[in-house]
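# Chain and residue survey
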Amino acid sequence: MSQVERLFERYGPKYKWLVTLTVLLGLVALGMSITIVNVATPFIKGAFGMSADQVQWLSTGFLAATTVALLVSPWLSSAFGQRATYMGLLTVFIGASFLGGLATSMGAIIAARVIQGAMTGLVRPVALEALFTVYPANQRGMATAMYGMSLGLPLTMATVIGGWLVDTYNWRYVFFIVPPICVAAIIMGYFFLPPREASGPRPPFDWLGAGALFVAIFSLLAALSNGQRWGWGSDGVVGLLSLAALLGVVFIAWEKHVERPLLDLAIFGHKGFLMGTFALFLFGGSFYAIMYLLPQFVQAILHYDPVKAGVLFTPSTLVLAILVPLVGKLSDRWPPHYLTLPGLAFALVAVYRMSSVDWHTSFESLAISMALLSVGMAAFPPPTLSRAIAALPQNLIGYGSGAINFALQLGGAFGTAALVTLMDQRTLFHSDQLTTGLNAGNSTAMHALAQLQSAVAQVGTTPVYQHAAAARLLGQLDQTWAQTFAYQDGFLAIVASLVLVVLPSCLLSRWSGRH
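Parameters and conventions
- Residues numbered from 1 in each chain as written.
- Predicted model: local features only at pLDDT ≥ 70, side-chain atom pairs only at ≥ 80, totals over all residues.
- Heavy atoms only, no water.
- Helix = DSSP H or I, 4+ residues; strand = E, 2+ residues; numbered from the N terminus.
- Rg over C-alpha atoms; globule rule 2.2 N^0.38 Å.
- Contact = heavy atoms within 4.5 Å.
- Areas by Shrake-Rupley, 256 points an atom, 1.4 Å probe, with all protein chains shown as cover.
- Salt bridge = Lys/Arg side-chain N within 4 Å of Asp/Glu carboxyl O.
- Expected span 1.5 Å × (residues − 1).
- Buried < 20%, exposed > 50% of the residue type's maximum accessible area, 1.4 Å probe, protein only.
- Arc of directions from axis to C-beta.
- Phe/Tyr/Trp six-rings, centres within 6.5 Å; stacked < 30°, edge-to-face > 60°.
- Patch = residues over 30% accessible without salt bridge, like charges linked within 9 Å, V, L, I, M, F, W, Y side chains within 5 Å.

Before going further, it helps to spend a moment on the overall build of the chain. A count of helical and extended segments in the chain gives 19 helices and zero strands. Scaling as 2.2 N^0.38, a compact globule of 515 residues should have a C-alpha radius of gyration of about 24 Å, and the chain matches this with 24 Å. The principal-axis extents of the C-alpha atoms in the chain amount to approximately 90 × 45 × 45 Å. Counting only contacts in the chain whose residues sit at least 6 apart along the sequence, the fraction spanning at least 24 positions is 84%. Carbon and sulfur atoms provide 66% of the accessible area of the chain, an area that totals close to 21500 Å².

This is the structure in structure tokens:
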């Protein structure tokens, strides 16, 4: 009798739901750490006097650690069992949270974020494997729906909570809000997750593969994140990209020959899994890009405070809570494209609405767009994830769980980095276009200048400074429009990326072996 069967015997049918609650607590806690610190980043930057390059390490280090750790997780479960792995990872995460909250130096807070990122990446596959262990094959759609909700829900919750904490207290509290949830998850993990099945020696760890992959991912993200500032042809960017490519080749070659690989490349020989992984890579890029772009827009252009920016995400949270269980049930019965394609349609409509935003856009309009987007967030990942992993044989599910989460996270990292670069370039482009138009031959510009000069005169500015003040205000106005146009371009780019998701979604249904 397996350890899971013993636990089912002890707790009865409710054991499935006890495991679900156990892993959801951990996933929600760690998921919140992704966004909640992003809300506080401007305040952390000010507290330590960090430059833009230094601030970038907070996100680049977190993303690189999370991405690579996703592939390390299957080894941990095999070596120590689900219970010890889950409890140990959450304990380390709590330590990293206190390191960040009590940090007195830039190095300490960056280290805290890297450790948090690694623990987040390690826990996700453990949680998914635990769910797949207790749910039968015909209910795994529901299992992945619950898992998917635990990835989307914390992002919206954390925005609200993080905004309130920063506004009411200070940035340090964003690190202290998550540990109590982790403690509850650790206690439940002790009672409800199974210990290690095997009693023999632990499998060897692929240190070379893990090291090569981490440095490759870190180098690639650093190059993408800093390319605009350093210059795409600079020695730094070219060197990082070359190092990433070289170590990527080394990693693939090594994984083909090592006895116990970090990633079993045989999983990509299953077409259904390959298409599901590709679809989630593209969707992850689009989803994380939106979650980066919209909060930036409402704070930079609409001047929402952190709390109001967080409240904007509340309707989408409610939609997720309602739809995810329904999607879970349906994904066990229907081919995935019956759910994913309508979900993508809702997401496309939502992001297309966002592509026309400006400083007159209302809170209600943005909230409606977010609610529409959450339909896609609820409908796309669960059936895609479930059907892709179902295409694998039992002995490869652990590797598949890590790899498909790796693809989702890597897509998010690429999508965000590409969007940051696009925004920088388009802001400069629109700024140049608008500045060129500020001349005596442009009647519209001269009329606007005259109106501003009149307004400046009415507040008591002396005639000597009226023209200079009006010209300065007009320049600031044009800069705001340049940023607004760049945000619109960013949302249109996300629309295009969502369209690309359609093809692998259809092929997944065709090749997954179930119709």
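Resuming the write-up.
This part takes up unusual backbone geometry. Its identity is not glycine, yet H303 carries a phi of approximately 60°, on the positive side. Summarising the element assignment, H303 is placed in the loop between helix 10 (271-300) and helix 11 (306-311).

For the rest of this paragraph, the subject is the pattern of salt bridges. One side chain can pair with another of opposite charge once the charged atoms of both are near each other. The tally for this structure, following the rule as stated, stands at one salt bridge. Among the ionic pairs, R426 bridges to D489, the shortest N-O distance being 2.8 Å. Here R426, found in helix 16 (residues 397-436), pairs with D489, found in helix 18 (residues 463-500); they are 63 residues apart in sequence, far enough to count as distant.

Helix length check: helix 13 (residues 337-354) (18 residues) gives 25 Å between terminal C-alpha atoms against 26 Å at 1.5 Å per residue, within 8%. Looking only at helix 13, the buried set comprises L339, T340, G343, L344, A347, A350, V351 and M354. When helix 13 is viewed along its axis, its buried side chains cluster within an angular range of 125° and face the same direction.

Compared with the 34 Å implied by 1.5 Å per residue over 24 residues, the 32 Å span of helix 8 (residues 207-230) between its first and last C-alpha is a close match. Downstream of helix 8 by one or two residues, G231 has phi in the positive range, about 100°.

So, on to the packing of aromatic side chains. In this structure the tally under the stated criterion is 26 aromatic pairs. Taken together, a centroid distance of 5.1 Å and an interplanar angle of 70° make the contact between Y11 and F192 edge-to-face. Taken together, the positions of Y11 in helix 1 (residues 3-11) and F192 in helix 7 (residues 179-192) put the pair 181 residues apart, joining distant regions of the chain. Taken as a pair, Y11 and F192 share a single burial class, namely buried.

Take a nonpolar patch on the surface next. Together, V183, I187, Y190 and F191 make up an exposed nonpolar region whose accessible area comes to about 390 Å². Looking at where Y190 falls in the secondary structure, it is placed in helix 7.

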